[in-house]
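# Fold and contact review
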Amino acid sequence: MTEHSRASSTGSSTGRAGGASAADRTRSEDSRDPYDSHDSGDSVSDPLKPLDPSSGHGTTPAAWSLVVIVLVGFVVWGIGMVTGPNWLVVWIGVGLVPVGMLVGLVLSKAGYGSTPH
């Protein structure tokens, strides 16, 4: 059954050829894809859209470098503690943490971080 004939059979035609009833319009608005970038609605922001680096939400190369290096340092430290403890591996992991912080600071100063507000 077509939309027009369905609207006619329920008595809720809008008077336009092929027009949708109010219920059909509401149903289509509710079924919008919130991640559709072509959607004109502004009620749901796109979580996959990159944030503006000046927003300070850690979306910069400096922030990612810092986090990855520090995380690797903690993992290496943990492996060193579990395997003995193997003090050489522990101190390598401990040494990676300030290195990661220094890399993040240097990259931020070089312009790869967020701008202050």
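Residues numbered from 1 in each chain as written. Predicted model: local features only at pLDDT ≥ 70, side-chain atom pairs only at ≥ 80, totals over all residues. Heavy atoms only, no water.

### Section: unusual backbone geometry
In this model, Gly84 is joined to Pro85 through a cis peptide bond whose omega is 10 degrees. Residue placement: Pro85 occurs in the loop between α3 (61–82) and α4 (87–112). (Helix = DSSP H or I, 4+ residues; strand = E, 2+ residues; numbered from the N terminus.)

### Describing the confidence of the model for the protein
Scored by pLDDT, the protein has a mean of 74; 50% of the residues are at 70 or more. Taking the mean pLDDT of every element in the protein, the minimum, 51, falls on helix α1 (residues 3–10) and the maximum, 96, on α3. (pLDDT = per-residue confidence, 0-100.)

### Quick look at the environment of Gly93
For Gly93, the position within the fold is in helix α4. By relative accessible area, Gly93 is classed as buried at 1%. As a C-alpha pair, Gly93 and Ile79 span 14 residues in sequence and 8.8 Å in three-dimensional space. In contact with Gly93, not counting residues within four places along its chain, are Gly73, Val76 and Trp77. (Buried < 20%, exposed > 50% of the residue type's maximum accessible area, 1.4 Å probe, protein only. Contact = heavy atoms within 4.5 Å.)

### Things to note about a nonpolar patch on the surface
Together, Phe74, Trp77, Met81, Val82, Trp87, Trp91 and Val94 give the surface a local cluster of nonpolar side chains, amounting to about 780 Å² of exposed area. Looking at the nonpolar patch, the elements that each hand over two or more residues are α3 and α4. For the nonpolar patch, the leading source of residues is α3, giving four residues. With respect to the helices and strands, the residue Trp87 is situated in helix α4. (Patch = residues over 30% accessible without salt bridge, like charges linked within 9 Å, V, L, I, M, F, W, Y side chains within 5 Å. Areas by Shrake-Rupley, 256 points an atom, 1.4 Å probe, with all protein chains shown as cover. Salt bridge = Lys/Arg side-chain N within 4 Å of Asp/Glu carboxyl O.)

### A short note on the packing of α3 against α4
Helix-helix packing is described using two parameters, namely the angle between the two axes and the distance between the axes. Remark: α3 packs on α4, axes separated minimally by 7 Å, with the N-to-C direction vectors making an angle of 175 degrees. When the interaxial angle is binned, α3 and α4 end up roughly antiparallel. For the contact of α3 with α4, a count of residues per class yields 22 nonpolar, seven polar and no charged. (Axes fitted to C-alpha atoms, helices over the stretch in contact; angles between N-to-C directions. Parallel < 35°, antiparallel > 145°, perpendicular 65-115°, else oblique. Nonpolar A, V, L, I, M, F, W, Y, C, P; charged D, E, K, R; others polar.)

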